[in-house]
Amino acid sequence: MAEIKLNATVRSEFGKGAARRTRRANLVPAVIYGHGADAVHITLPAHELHLALRTANVLIGLEVDGKDALVIPKAVQRNALKGNIEHVDLLTVKRGEKVEVEIAVHVEGELAPGGNLLEYVQNTLLVEAEATHIPESVTVSIAGLDAGDSILAKDVPLPAGSVLAGDEDAVVLQVVSAQAEEPAAEGTEAATTEA
C-alpha cells in the first residue's frame, strides 16, 4: 500500500467553537496517539484527508512541525447529514510493526442453483499485518455453496504477511434458502376480524 503524505499543523484551540472555526477554514481536527506518547492535537487539510480516507486502512505520512510521523486512521467521525469528516483519531505506527486492523470481505462466484441467499454475518475480518503492508480486502469464493453451507474466519484465504486476529471459528458468510411468505389461512383471518 502506498503512503500518502499530508501536512499537519498543531492546534492550540479546543472545544466546539474552535472545532467549528477549524472546519470553516477547510481543515479537520485530529488527534495522534500511540506508543505511550502524549496525544498531539492537529489539523489536517479537509480535501486531501477526504481523498486519503477513500482507501481503507490507508498509511499516512504526516509532517508535524518539521517532524515526520507515520499513522493509520483508527476512528473517523462524519457529519450524519452531509457526510463531511468532523474528526479523526490517528494511531502512530512504525515500519515493521504489526497492527490489528479490520479489512473488508468481498465474494466472487455464484451460489448453487435453487434460489439460495448469501448472508454476510461479518463484513470485515480482524487481521494482524505489518503496518506498511496492510491489505485492503480479502476475496472469498462462494462458487457452488448451497443452503446450510457457511464459511468460517479460518477458511478465508488471507494475503501473505497477514494472520487472523479474531475468533477463527466465527461465521463470516452463510448460505440460507429463500423462504416464500406463507399465505394467511382464511379461517384465521376471519377469527381475527370478529375479535
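Residues numbered from 1 in each chain as written. Predicted model: local features only at pLDDT ≥ 70, side-chain atom pairs only at ≥ 80, totals over all residues. Heavy atoms only, no water.

Engineer: When you look at the overall build of the chain in this model, what are you seeing that I'm missing?
Structural biologist: Along the chain, the regular secondary structure elements total 3 helices and 13 strands. Taken over the C-alpha trace, the chain has a radius of gyration of 23 Å; the compact-globule value for 195 residues is 16 Å, which it surpasses by more than 25%. C-alpha atoms of the chain, sized along the principal axes, occupy 75 × 50 × 25 Å. Taking all 195 residues of the chain together, the buried fraction comes to 32%. Look at the contacts in the chain between residues 6 or more apart in sequence, and 63% of them connect residues 24 or more apart. Accessible surface for the chain amounts to roughly 11900 Å². Of this, 49% is attributable to carbon and sulfur atoms. In the chain, 16 side chains carry a positive charge and 29 a negative one; their mean positions are 18 Å apart. (Helix = DSSP H or I, 4+ residues; strand = E, 2+ residues; numbered from the N terminus. Rg over C-alpha atoms; globule rule 2.2 N^0.38 Å. Buried < 20%, exposed > 50% of the residue type's maximum accessible area, 1.4 Å probe, protein only. Contact = heavy atoms within 4.5 Å. Areas by Shrake-Rupley, 256 points an atom, 1.4 Å probe, with all protein chains shown as cover. Lys, Arg positive; Asp, Glu negative; His and termini not counted. Charge placed at Lys NZ, Arg CZ, Asp CG, Glu CD.)

Engineer: Please clarify how the nonpolar core should be interpreted in this entry.
Structural biologist: Nonpolar side chains in soluble globular proteins tend to end up buried together. Judged by nonpolar contacts, the single largest core of 24 residues is most densely connected at Ile 72 and Leu 125. Taken together, the elements giving at least two residues each to this core come down to strand S5 (67–78), strand S7 (98–108), strand S9 (124–130), strand S10 (137–141) and strand S13 (171–177). Contact partners of Ile 72, with chain neighbours within four places excluded, come to Val 58, Leu 59, Asp 89, Leu 90, Leu 91, Val 93, Val 99, Val 101 and Ile 134. Core analysis: the second largest hydrophobic core is formed by 17 residues, Leu 6, Leu 44, Val 58 and Ile 85 among them. (Core = buried A, V, L, I, M, F, W, Y, C linked by side-chain atoms within 4.5 Å.)

Engineer: Which parts of the structure should I look at to understand the sheet that holds strand S4 (residues 59–64)?
Structural biologist: Each strand in a sheet pairs with its neighbour through backbone hydrogen bonds, running either in the same direction (parallel) or in the opposite one (antiparallel). The strand order around the closed barrel built from 6 strands is S1-S3-S2-S6-S5-S4, with neighbouring strands paired in mixed fashion. When the angles between neighbouring strand axes are averaged without regard to direction, this sheet yields 45°. Here 7 bridges tie strand S2 (residues 27–34) to strand S3 (residues 37–45), and the two strands are oriented antiparallel to one another. Bridge pairing links Val 28 to Leu 44 in S3. (Pairing = 2+ DSSP bridges. Axes fitted to C-alpha atoms, helices over the stretch in contact; angles between N-to-C directions.)

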